[in-house]
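# Structure at a glance
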Amino acid sequence: SADGGGNLSLDSIPMGLPMSDPSAWATAMNNLGMAPMGMTGQPLLPDFDPALGMMTGIPPINPMMPGLGIVPPPIPPDMPAVKEIIHCKSCTLFPPNPHLPPPATRERPPGCKTVFVGGLPENGTEQIIMEVFEQCGEVIAIRKSKKNFCHIRFAEEFMVDKALYLSGYRIRLGSSTDKKDTGRLHVDFAQARDDLYEWDPWHVVHYSNHECSVVAEKLKDDTKFLEAIQTLLTWIERGEVNRRTANNFYSMIQSANSHIRRLVNEKAAHEKEMEEAKEKFKLALSGILVQFEQIVAVYHSASKQKAWDHFTKAQRKNISVWCKQAEEIRNIHNDELMGIRREEEMEMSDEEIEDPSEMKETEESALVSQVEALKEENDSLRWQLDAYRNEVELLKQEQGKASRDEDTTKEQQMKLLQQALQGMQKHLLKVQEEYKKREAELEKVKEDKLKIETLLENLKEQESSVARVCACSQEKDCPVEKTLSNSPVKSEREVLLVGIISTFLHVHPFGASIEYICSYLQRLDSKICTAEVEVLMTRLQNTFRQELSGVGASLEKRWKFCGFDGLKMT
């Protein structure tokens with residue numbers, strides 16, 4: 001009820017549990033050693049054994065568990081209350097350290113049915129909050145904020161005390177250890193306008209013509225104005241204003257407006273009293289400073305040598321200490337007086353002296369403008385809140401689209417990279433094949449080079465053998481010279497040339513041009529000319545034969561060695 005709602009505690013909570021879950025009710029009754037009974041008095045479990053005091057298959061539940069409505073046993077003052085783990089479908093509640101002091105709460109508002117719950121997990125939803133706090137009683141509404149707190153309004157006041165029992169519990173969603181899935185609950189009283197209106201204190205009476213006239217008279221009385229204005233505000237917010245009562249409310253609002261002038265006059269009177277008190281304070285302070293100056297002068301005169309020599313050492317010490325203290329106090333008071341004077345001078349220089357009637361009118365208009373400005377600010381804040389909500393929803397939608405676009409772009413990039421990698425692999429295989437071909441060609445070139453080198457060595461050996469033959473021919477008798485004189489070869493030099501050319505053409509079975517032959521001979525002797533060699537070879541028709549090869553522009557004369565055939569013919 002409204003009369004006793006402000007003094008409820010956990011000890012005075014009546015036993016109550018929604019019968020939608022009879023198993024929990026039966027478990028609680030079983031833990032207390034009582035036979036589980038339904039609302040009609042029929043036993044819920046016929047196989048209950050009072051001697052056992054427990055039911056098989058049902059875990060024990062702490063009698064202090066919120067939502068069961070069980071009056072806890074008296075707890076000794078030197079022992080903390082024992083709280084146990086509470087298991088829910090989607091979360092688990094772990095009790096606080098029993099040796100810690102209970103969580104602090106604010107003063108309970110009258111008719112409080114709403115609680116503030118802070119320390120919720122970031123991933124907590126309204127469904128989880130409902131699952132935890134519906135054990136305390138019927139939940140009317142949940143207003144959840146984005147900053148890990150919410151407000152919960154219950155159907156009755158005693159349910160708030162059950163919810164306060166959960167303050168200090170650590171909550172964990174499922175079996176997750178993520179920081180966003182954990183939190184420490186802080187439950188406290190919340191002052192809600194709906195609770196205050198439902199509570200309806202004794203001085204806020206229901207509207208009637210008689211009560212309206214009473215409130216109108218109270219609005220004209222300064223001593224009862226505060227009570228009357230609260231009643232008027234409650235009536236207006238309840239929606240008592242209609243076409244029939246509009247004139248009465250307008251007259252009361254007009255009376256409230258006329259009270260503004262009385263308030264302004266009262267403020268002016270208080271300001272005048274404050275100015276008079278300031279003047280009195282200044283006069284008193286100046287008189288105190290004069291007395292301080294005289295006392296300090298006494299100390300200074302006593303410190304002069306004429307009187308100072310007659311005092312003892314202890315007396316001199318006390319006089320010097322007293323003089324310092326008096327000077328410090330005098331300086332403090334002097335600074336204070338100077339500060340007051342400076343403030344007065346600044347006020348006189350900054351403010352303009354106006355007519356008292358004009359000041360009253362400006363103050364009234366300022367108050368009215370402040371009220372209007374506050375209303376406009378309240379409306380603008382509501383609009384801003386709606387705009388922010390719409391922006392948040394748009395941002396969420398845009399973020400979802402952006403994440404999808406990013407996924408598609410990533411897939412495309414992956415495909416392009418895979419294609420590029422395949423192309424690079426194919427190119428690498430081609431390069432490796434070309435490299436193998438080049439290696440094979442290089443091996444062939446090396447083999448050809450070795451063959452040419454062996455041929456050059458054979459030529460050098462033949463040249464040396466020809467040289468020996470020439471030397472032997474020079475040592476022979478004149479008959480040899482006669483035979484040479486009759487032969488087409490006329491000198492030893494031509495013999496050597498014939499031998500070298502024969503050897504060269506023997507290596508070239510397909511023949512060679514005269515230029516090619518002369519270029520080889522000029523390496524041995526630079527004085528050899530092409531005409532001399534061609535004449536020599538034409539004379540020796542049985543040894544050398546000239547043939548034409550090629551067609552048209554590529555027609556070429558080549559010399560071949562035919563000594564073996566010529567030997568048979570001769």
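Residues numbered from 1 in each chain as written. Predicted model: local features only at pLDDT ≥ 70, side-chain atom pairs only at ≥ 80, totals over all residues. Heavy atoms only, no water.

### Side note on the sheet that holds strand β1 (residues 86-87)
How we decide: Pairing between strands is defined by DSSP: at least two bridges between the two strands are required. Elements are defined by DSSP. Helices are runs of H or I of four residues or more, strands are runs of E of two residues or more, and each kind is numbered from the N terminus. Contact definition: two residues touch when any of their heavy atoms are within 4.5 Å. A fitted line through C-alpha atoms serves as each axis, taken over the contacting stretch for helices, and the angle formed by two N-to-C directions is quoted from 0 to 180°.
Across the sheet, which stays open at both edges, the four strands sit in the order β1-β2-β6-β7 with antiparallel pairing between neighbours. What marks the edges here is a single partner per strand, and that holds for β1 and β7 (182-184). Bridge count between β1 and strand β2 (residues 91-94): two bridges; the pairing is antiparallel. Of the residues in β2, the one forming a bridge with Ile86 is Leu93. Across the face of the sheet, helix α2 (residues 126-133) comes into contact with β2 and β6 (170-173) while running at roughly 50° to β2.

### Section: helix α5 (residues 209-219)
Heads up, the condition is: Each residue is placed in one exposure class: buried if its accessible area under a 1.4 Å probe, protein chains only, is under 20% of its type's maximum, exposed if it is over 50%, and partly exposed if it falls in between. What the arc measures is the spread of directions leading from the helix axis to the C-beta atoms.
By the burial criterion, the buried members of α5 are Cys212, Val215, Ala216 and Leu219. Taken end-on, α5 shows its buried residues confined to a sector of 105°, consistent with a single buried face. Pointing more than 90 degrees away from the buried face of α5 are the exposed residues His210 and Glu217.

### Quick word on the pairing of strand β5 (residues 149-154)
Taken together, the five bridges between strand β3 (residues 114-118) and β5 define a ladder with antiparallel strand orientation. Within β5, the position partnered with Thr114 by the bridge is Arg153. Note: strand β4 (residues 139-144) against β5, five bridges, orientation antiparallel. Residue Ile142 lies in a different strand from β5, and its bridge partner there is Ile152. Where β4 folds back on β5, the antiparallel hairpin that results is connected by four residues, among which Asn148 adopts a positive phi of roughly 65°.

### So, the pattern of salt bridges
Charged atoms that come close allow side chains of opposite charge to pair. So the rule is basically this: Just to be clear on terms, a salt bridge is a Lys or Arg side-chain nitrogen sitting within 4 Å of an Asp or Glu carboxyl oxygen.
Tallied over the entire structure, the rule returns twelve salt bridges. Salt bridges sharing partners connect three or more residues here, namely Arg493, Asp525 and Glu532.

### With respect to helix α12 (residues 492-507)
Given 3.6 residues per helical turn, the α-helix brings residues three or four places apart onto the same face. To be explicit about the condition: In this analysis, the expected span of each helix is defined as 1.5 Å times one less than the number of residues it contains.
The first and last C-alpha atoms of α12 sit 23 Å apart over 16 residues, in line with the 22 Å expected at 1.5 Å per residue. Along α12, the residues that are buried comprise Glu494, Leu497, Val498, Gly499, Ile500, Ile501, Ser502, Thr503, Phe504 and Leu505.

### Topic: the UniProt feature "coiled-coil region" (unreviewed entry) in the protein chain
Filter applied, for reference: UniProt positions are given in the numbering used here, feature names are shortened, and annotations may be inferred rather than shown by experiment.
Those places that UniProt annotates as "coiled-coil region" (unreviewed entry) correspond, in this numbering, to residues 253-280 and 371-465. With 100% helix and 0% strand, the stretch residues 253-280 has end C-alpha atoms that lie 41 Å from each other.

### Some details on the packing of helix α13 (residues 514-524) against helix α14 (residues 530-539)
The line we're drawing: For this classification, under 35 degrees means roughly parallel, over 145 means roughly antiparallel, 65 to 115 means roughly perpendicular, and everything else is oblique. For any pair of crossing helices, the crossing counts as left-handed if the nearer helix is rotated counterclockwise from the farther one by less than a right angle, and right-handed if it is rotated clockwise. Think of it as three bins: nonpolar holds Ala, Val, Leu, Ile, Met, Phe, Trp, Tyr, Cys and Pro, charged holds Asp, Glu, Lys and Arg, and polar takes everything else, Gly as well.
At their nearest, the axes of α13 and α14 sit 10 Å apart, and the two run at 115° to each other. Taken together, the axes of α13 and α14 lie roughly perpendicular to each other. Considering the relative orientation of α13 and α14, their crossing is right-handed. Here Ile514, Ile517, Cys518 and Leu521 of α13 lie close against α14, whose contacting residues are Thr530, Val533, Glu534 and Met537. Looking at the contact of α13 with α14, its residues break down into six nonpolar, one polar and one charged.

### Points about the sheet that holds β4
With antiparallel pairing, the four strands of this open sheet are ordered in space as β4-β5-β3-β8. Two strands lie at the open edges of the sheet, namely β4 and β8 (186-189), each paired on one side alone. Within this sheet the neighbouring strands show an average axis-to-axis angle of 20°, counted without direction. In the packing of α2 onto the sheet, the strands contacted are β3, β4, β5 and β8, and the crossing angle to β4 comes to about 140°.

### Remarks on the side chain of His259
Considering the arrangement of structural elements, one finds His259 in helix α7 (residues 246-302). Of the residues examined, His259 reaches a relative accessible area of 6% and is grouped as buried.

### A closer look at the nonpolar core
To be explicit about the condition: Among buried residues, those of type Ala, Val, Leu, Ile, Met, Phe, Trp, Tyr and Cys that are joined through side-chain atoms within 4.5 Å constitute a nonpolar core.
Membership of the largest hydrophobic core comes to 31 residues, with the highest contact counts inside it found for Val117, Phe133, Ile152 and Phe154. Setting aside chain neighbours within four positions, we find Phe154 in contact with Lys113, Val115, Phe133, Cys136, Gly137, Glu138, Val139, Ile140, Met159, Val160 and Ala163. In this structure, Ile514, Ile528, Leu540 and Phe544 belong to the second largest nonpolar core, which totals 21 residues.

### Observations regarding the packing of aromatic side chains
Under the convention used in this document: Here is the rule: rings of Phe, Tyr and Trp (six-membered ring for Trp) pair when centre to centre is within 6.5 Å. Planes less than 30 degrees apart are stacked, more than 60 are edge-to-face, and the remainder are tilted.
Considering all chains together, one arrives at nine aromatic pairs under this definition. Ring geometry for Tyr165 and Tyr169: centres 6.4 Å apart, planes at 45°, overall tilted. Accessibility classification places Tyr165 together with Tyr169 in one group, the buried group. Pairing Phe504 with Tyr516 gives two aromatic rings, centres 5.2 Å apart and planes at 75°, and the pair type is edge-to-face. In this pair, Phe504 sits in helix α12 while Tyr516 sits in helix α13, placing the two residues twelve residues apart along the sequence.

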